[in-house]
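Descriptive analysis of the structure
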Amino acid sequence: MNAAFVIAAKDLRQRFRDRSALVLGFVAPILVAALMSFAFSSVEAFHADVALVDNDRGQIAVALRTALTGPELSDVLTVKAVEDEAQARKLVDEGEVGAGLVIPKGFSTAAIGDEPVGITVLGSPDNPLQAQVARAVADTYVAQLNADRLSVHAALAAGVPPARTAELARAVADLRLPESVEERPTGYRQLTTASYYAPAMGIMFVLFAIGFTAHSFFTEQRASTLERIGAAPVGRGAVLLGKSLAAFAYSVVSLTSLAVVTSLAFDAQWGPPIPALALIMAMSAALVALTALVIAVSRTERQADGIAMIITFALLLLGGNFVLISQAPEILRRLALLTPNGWTLRGFTDLATGAAATSAVQPVLAILGMAAVVGVLAAAVGRWRAAS
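Note that the structure is a prediction, hence the values are computed from the model and not measured.

**Re the overall build of the protein chain**
- Along the backbone of the protein chain there are 16 helices and four strands.
- Out of the 388 residues belonging to the protein chain, those deemed buried represent 43%.
- In the protein chain, once contacts between residues fewer than 6 apart in sequence are set aside, the share between residues at least 24 apart is 77%.
- Here the protein chain displays about 20,400 Å² of accessible surface, and carbon together with sulfur accounts for 64% of that area.

**Looking at the sheet that holds strand 1 (residues 48-54)**
- Strand order in the open sheet formed by four strands is 2-1-3-4, with mixed pairing between adjacent strands. Only two strands of the sheet have a single partner each, and these edge strands are strand 2 (77-82) and strand 4 (120-123). Adjacent strand axes in the sheet meet at a mean angle of 25°, parallel and antiparallel pairs treated alike.
- Note: strand 1 against strand 3 (residues 99-103), five bridges, orientation parallel.

**Here's the deal with the UniProt feature "transmembrane region" (unreviewed entry) in the protein chain**
- Under the UniProt annotation, "transmembrane region" (unreviewed entry) lies at residues 21-40, 196-218, 245-266, 272-295, 307-328 and 360-382.
- Overall, residues 196-218 shows 96% helix and 0% strand. The separation of its end C-alpha atoms is 35 Å.
- Here residues 307-328 runs as 59% helix and 0% strand, with 27 Å between its end C-alpha atoms.

**Observations concerning the packing of aromatic side chains**
- Summed over all chains, the structure comprises four aromatic pairs.
- Judged by centre distance (5.2 Å) and plane angle (85°), the rings of Tyr 196 and Tyr 197 are edge-to-face.
- On the basis of relative accessibility, which here comes to 2%, the residue Tyr 196 falls in the buried class.
- For Tyr 197, a relative accessible area of 4% gives the class buried.
- Aromatic pair Phe 205 and Phe 208: ring centres 5.8 Å apart, planes at 70°, arrangement edge-to-face.
- The class of Phe 205 is buried, set by a relative accessible area of 9%.
- One aromatic cluster in this structure is built from Phe 205, Phe 208 and Phe 313.

So, how was this worked out
Residues numbered from 1 in each chain as written. Predicted model: local features only at pLDDT ≥ 70, side-chain atom pairs only at ≥ 80, totals over all residues. Heavy atoms only, no water. Helix = DSSP H or I, 4+ residues; strand = E, 2+ residues; numbered from the N terminus. Buried < 20%, exposed > 50% of the residue type's maximum accessible area, 1.4 Å probe, protein only. Contact = heavy atoms within 4.5 Å. Areas by Shrake-Rupley, 256 points an atom, 1.4 Å probe, with all protein chains shown as cover. Pairing = 2+ DSSP bridges. Axes fitted to C-alpha atoms, helices over the stretch in contact; angles between N-to-C directions. UniProt positions renumbered as here; feature names shortened; annotations may be inferred. Phe/Tyr/Trp six-rings, centres within 6.5 Å; stacked < 30°, edge-to-face > 60°.

What follows is the structure in structure tokens.
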């Protein structure tokens, strides 16, 4: 056992003296996580700029403008009043606003008549989401307006004199649908891009260590280093154990340091220390098993590099390291649970949003189960290759 620790210490010294290993394990994850966080930070707090053209200036049109500029929508909408539709289209085309709403002339009068006039929504292909929000706001107000029109017609049908139509119009402008939305805390936090992409990028770069470790194994084999170690009273099992311990320690140190730096610098949430460390160690164990499998099935350095690259990118694409997995198609969300990195990201996502520490138990068990299966497969292939 002491020999395994000596070999692990030797591999770690070599790795930490290698600048490329330091860049891959420590510098690159922090830089890429920061870039990904800044690139997608706009999706955390949505806000739309809408140009509003009021060609009607009637009571109902004023009520719509008041609703759009009210405190209920102030966090998501900024309304800019413009003179005409041509100016609104220009602002939308130039990207100064994300969408436009045009209230046509006669809107208030038609709202209580038999022939309602619609609201025009202007959108840009560059800001489809803002256009959808503007349309949703318009649809909501139209639904309110239709309910109001129904109440006016019901009042007229019940015998209210038509001379009171203007009075009814003023009353309609103040009506609201009976449904209401009440904001209540759920006990969970919003998942920030930094909290997702910090572990995602850290996992990505430690997965690259699969190829690095396998390559170094075959380099030492080609240089007869392993044969010289084997000549000493050290078994092959101790050699492989030592290299596995080195890969495990490298992964744990890399992810832990990334967690500390991104938490302090970018306010990334990794969750409570104990479950977060359990996820890091489980993922590191899976890394060791995958490295052993690459070594077992490869015969040369080139084969090891190719197989490691295929496994790494397959795991990254399926596990959701590049795309926020909650926004991915259903099939990709299911496939992510067939990968250790997918389970690791699920665990960190739960912890980052305020879930209980016990929520990490299932991901840890799933990752360790995958590591055990891959480890057994690597051992079986290794024995078969040795026998043949």
